[in-house]
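Analysis of the macromolecular model
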Amino acid sequence: MAKIGMSRIRKFIAPYRVTDGKKFRLKDCDPADTAGLKEEKKRAKEILTGGVNLLAELQDKLCAQDRWSVLLIFQAMDAAGKDGTIKHVMSGVNPQGCEVYSFKTPSAEDLDHDFLWRTNKCFPERGRIGIFNRSYYEEVLVVRVHPELLGKQKLPPKLVTKDLWKERFESIADFERHLARNGTVILKFFLNVSRKEQKKRFLERLDLPEKNWKFSEADVKERGFWKDYMAAYEEAIRATATPWAPWYVVPADNKWFSRLVVAGAIIHAMEQLDLRYPVVDEAKKRELAAARRALRSE
Ligand code: ATP
Ligand code: MG
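Let us look at the structure shown here.

Quick notes on the rules
- Residues numbered from 1 in each chain as written.
- Chains lettered and ligands numbered in written order.
- Predicted model: local features only at pLDDT ≥ 70, side-chain atom pairs only at ≥ 80, totals over all residues.
- Heavy atoms only, no water.
- Helix = DSSP H or I, 4+ residues; strand = E, 2+ residues; numbered from the N terminus.
- Contact = heavy atoms within 4.5 Å.
- Pairing = 2+ DSSP bridges.
- Axes fitted to C-alpha atoms, helices over the stretch in contact; angles between N-to-C directions.
- Phe/Tyr/Trp six-rings, centres within 6.5 Å; stacked < 30°, edge-to-face > 60°.
- Buried < 20%, exposed > 50% of the residue type's maximum accessible area, 1.4 Å probe, protein only.
- Lys NZ or Arg CZ within 6 Å of the ring centre and 35° of its normal.
- Core = buried A, V, L, I, M, F, W, Y, C linked by side-chain atoms within 4.5 Å.
- Salt bridge = Lys/Arg side-chain N within 4 Å of Asp/Glu carboxyl O.
- Parallel < 35°, antiparallel > 145°, perpendicular 65-115°, else oblique.
- Left-handed = near helix turned anticlockwise from the far one by under 90°.
- Nonpolar A, V, L, I, M, F, W, Y, C, P; charged D, E, K, R; others polar.

Take the side chain of Thr34 next. Tracing the backbone through its elements, the reader meets Thr34 in the loop between strand E1 (17-18) and helix H2 (41-65). For Thr34, the residues in contact, after removing those within four places along its chain, are Asn254, Trp256 and Phe257.

Below is the structure:
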């Protein structure tokens, strides 16, 4: 990807970025799209390696500069490839500069607080990249598809009205705006896998012994709610896509392609930060020269 150059990356990822939800429709997004590229896996791997190296350089500067932080949110249906994407795209970055949080079923303590509480402790520090494998978006996805989950949240009944989802969207949008204003770059990825491809991947998990451990009966049950999930995703994206916290709706039927889009989107966003190593001032230069002299004369 490093070799492709920024202008090509920009063009390549632009169709998948949503910064204004009003016109967004999920049906316009083809999960099998590969932007006309028919890269073989091997070529795609090479390009990704270039991207991963570039990302490592950018992260090093992000850390040295210590001003911005980067938050990457991954949402998807099961088997869409969240884990693999995170693993491959972030494979080159220094583990010290990056944190991954997976948000699963909330704990009793989580449920005793507002719905943004549990993620609050997990936002990346300046200079770091934070990755959310699932996020507060589950609160307008799984919880919306299964309203009984809302019942466990101990909200005062008076506050549970027909406006609840709209209010959650507003809370999320406000919060993301607040983070953006304080130096967090937010990118949200929806790995858009098709129902057909999910079936294929589930069957693979059943058929290949080394993939058996990944199979979960619950995932197959959730598949039954596909339409409800898609409706919830569409509404969530429509309500929360903004220029400062864009959604990328990533075609995810081809893993090599979704990884390229995700890597490209992160590189694109970080390139815009004008990241640089801090400049050494005159006083510091004198200090370095003195240290060099002292070491040499030992
Ligand atoms: P993998 O299956 O690859 O390990 P995963 O993210 O699917 O990763 P699981 O443990 O299988 O992890 O599933 C986590 C479950 O927790 C998902 O079904 C998700 O919808 C659910 N979940 C996450 N956040 C919430 C929430 N706020 N309220 C209710 N359920 C949630
Ligand atoms: Mg799962």
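A sheet is described by the order of its strands in space; here six strands give the open sequence E1-E6-E5-E2-E4-E3, paired in mixed fashion. Strands with a single pairing partner mark the edges of an open sheet, and in this sheet they are E1 and strand E3 (98-102). The sheet contact formed by strand E2 (residues 69-76) and strand E4 (residues 129-133) spans five bridges and is parallel. By the bridge assignment, Leu72 is partnered in E4 with Ile131. Lying over the sheet, helix H8 (residues 164-181) contacts E2 and strand E5 (184-192), oriented at roughly 135° with respect to E5.

With that out of the way, let us pick up the packing of aromatic side chains. If you walk through the whole model with that rule in mind, you get 13 aromatic pairs. Both rings, one in Phe190 and one in Tyr233, keep their centres 4.2 Å apart while their planes meet at 20°; by these two values the pair is stacked. Within this pair, whereas Phe190 is found in strand E5, its partner Tyr233 is found in helix H11 (residues 226-240), the two being separated by 43 residues in sequence. You'll find Phe190 and Tyr233 in the same group, each marked buried. Relative to Phe257, the ring of Trp256 has its centre 5.7 Å away and its plane inclined at 85°; by these criteria the two rings are edge-to-face. The burial state of Trp256 is the same as that of Phe257; both residues are buried. Here the aromatic cluster, defined as three or more aromatic residues joined through ring pairs, consists of Tyr101, Phe103, Phe123, Phe132 and Phe175. Geometry around Trp117 places Lys121 over its ring, the cationic atom sitting 3.9 Å from the centre.

Across soluble globular proteins, nonpolar side chains show a tendency to be buried alongside one another. Membership of the largest hydrophobic core comes to 84 residues, with the highest contact counts inside it found for Leu72, Met90, Phe189, Ile266 and Met270. Looking at this core, the element that brings in the most residues is helix H12 (residues 255-271), giving 11 residues. Apart from residues lying up to four places away in sequence, Met270 is in contact with Leu55, Leu58, Gln59, Leu62, Val70, Ile129 and Leu275.

Of note, Ala35 is a non-glycine position whose phi angle comes to about 55°, a positive value. Positionally, Ala35 belongs in the loop between E1 and H2.

The next thing to look at is the pattern of salt bridges. A complete count under the given rule lists 21 salt bridges for this structure. Between Arg168 and Glu139 there is a salt bridge; the shortest N-O distance is 2.8 Å. In this pair, Arg168 is assigned in helix H8 and Glu139 in the loop between E4 and helix H6 (142-145), connecting sequence segments 29 residues apart. Just as Arg168 is buried, Glu139 falls in that class too. Here Lys166 ties to Glu170 by a salt bridge, and the two come within 3.8 Å at their closest N and O atoms. Taken together, the residues Lys166 and Glu170, both in helix H8 and four residues apart, mark about one turn of the helix. Its relative accessible area of 41% is what places Glu170 among the partly exposed residues. Members of the salt-bridge network, linked through shared partners, are Asp78, Arg134 and Glu138.

Closest axis-to-axis distance for the helix H3 (residues 82-89)/H12 pair is 10 Å, and the angle between their directions is 55°. Considering the angle they form, H3 stands oblique to H12. In terms of crossing hand, the pair formed by H3 and H12 is right-handed. Touching Gly84, Thr85, His88 and Val89 of H3 are Arg259, Val262, Ala263 and Ile266, all from H12. Residue classes in the contact of H3 with H12 are distributed as four nonpolar, three polar and one charged.

The next point concerns the pairing of strand E6 (residues 247-251). Of all five residues in E6, five are buried; the element is thus mostly enclosed. Pairing between E1 and E6: two bridges, direction antiparallel. Looking at the pairing, Arg17 lines up with Tyr248 of E6. Relative to E6, E5 runs parallel, the two being bridged by five bridges. Across the sheet, residue Phe190 finds its bridge partner in E6, namely Val249.

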